Amino acid sequence: MMTEVLICTVLSRLPGVLRMLLPPMEGVCYLVSCQGGEPAAALRALFERPDVRLIWMDGMGLSRNRNHAFQHAQGDLLVIADDDNALVGETLLLLPDDFDAHPEWDMIQYRMEGAQKPFPSPYVSSCELVLRRNVALHVRFDERFGLGSPYLASGEEEVFVFQAEKEGFRMGRMDRFLCRLNGPTTGVRFLEDARVQRSKGAVFALIHGRCRACWLCLREALSWMLRKRVNPVPLIRNMFWGIRYLHQ
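Quick caveat, the model's predicted, so the values are computed rather than measured.

About the criteria used
Residues numbered from 1 in each chain as written. Predicted model: local features only at pLDDT ≥ 70, side-chain atom pairs only at ≥ 80, totals over all residues. Heavy atoms only, no water. Helix = DSSP H or I, 4+ residues; strand = E, 2+ residues; numbered from the N terminus. Rg over C-alpha atoms; globule rule 2.2 N^0.38 Å. Buried < 20%, exposed > 50% of the residue type's maximum accessible area, 1.4 Å probe, protein only. Pairing = 2+ DSSP bridges. Axes fitted to C-alpha atoms, helices over the stretch in contact; angles between N-to-C directions. Phe/Tyr/Trp six-rings, centres within 6.5 Å; stacked < 30°, edge-to-face > 60°. Lys NZ or Arg CZ within 6 Å of the ring centre and 35° of its normal.

A. The arrangement of the overall build of the protein chain in detail. Secondary structure summary: the protein chain contains nine helices and eight strands in total. Relative to a compact globule of 248 residues, whose C-alpha radius of gyration would be 18 Å, the protein chain shows 18 Å and is just as compact. For the protein chain, the spread of C-alpha atoms along the principal axes amounts to about 55 × 45 × 30 Å. For the protein chain, buried positions account for 52% of its 248 residues.

Below is the structure:
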């Protein structure tokens, strides 16, 4: 069973991806999908390893890039890695055993060192997620969500898992570190970034429907007001914007 690590990046960050690549390991390969056009020949040469494939595309949007990687993936198990993660090689080698031990699971959420959330958590980050390639053949990331999208800067992982489970795929959880987080996730910028607030409302609407989403947005805003003494009005306004955007 081949494990393929999907690393999505942009042209300006491509050199940094080299630091992510672990020494060659049997049963593990890498697919690097780069947005921003074709890299220079000298840069492409740095990725010339038997276990590494480098592909590229035009356009913007992390979800679009991940879908591009899905289209070209060849592994039996797919690891969705961010371009600033540090991968845990021991866990990569154990992934086939984990899936063999749980044939009822199509996806597994692992732990992410440095994550500012409990484990297990209903909020899945992409770099915690490993899936059978059959999932990627049937489910795609919603390109309205995620970094680089015009209005909704986060939430693509929650939507992806929801859509996969809606299609009948099942997710399990393993208390083992898959990667180390070297930078903050987009979701931690909720209070500072209106696009993340809009994403929260849109995710609520997609998963729960418009009416329940309105209630969940109000509860979310009041929770922040009580915990951090922030003004809830801008949060409510932006989350409601996300609900309207999704249903326009």
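Picking up after the structure, the text goes on.
B. Representation of the sheet that holds strand S3 (residues 52-57). The mixed open sheet is built from eight strands, whose spatial order is S3-S2-S1-S4-S7-S6-S8-S5. A single partner strand is all that each edge strand has here, and the edge strands are S3 and strand S5 (85-87). When strand polarity is set aside, the average angle formed by the axes of neighbouring strands in this sheet is 30 degrees. Here strand S6 (residues 107-113) runs beside strand S8 (residues 171-181); their pairing, made up of six bridges, is parallel. Pairing of glutamate 113 across the sheet is with arginine 180, part of S8.

C. Representation of the packing of aromatic side chains in the model. With the rule as written, the count across this model stands at seven aromatic pairs. Note on tyrosine 151 and tryptophan 241: the rings are 5.5 Å apart at their centroids and 50 degrees apart in plane angle, and the pair reads as tilted. Taken together, the residues span a long stretch of sequence, with tyrosine 151 in the loop between helix H5 (133-138) and helix H6 (156-166) and tryptophan 241 in helix H9 (residues 232-246) at a distance of 90 residues. Take tyrosine 151: its relative accessible area is 38%, and that puts it in the partly exposed class. By the ring-pair criterion, three or more aromatic residues cluster together here, those being Phe70, Phe141 and Phe160. Here arginine 198 stacks its cationic end above the ring of tryptophan 241, 4.5 Å away from the centre of that ring.

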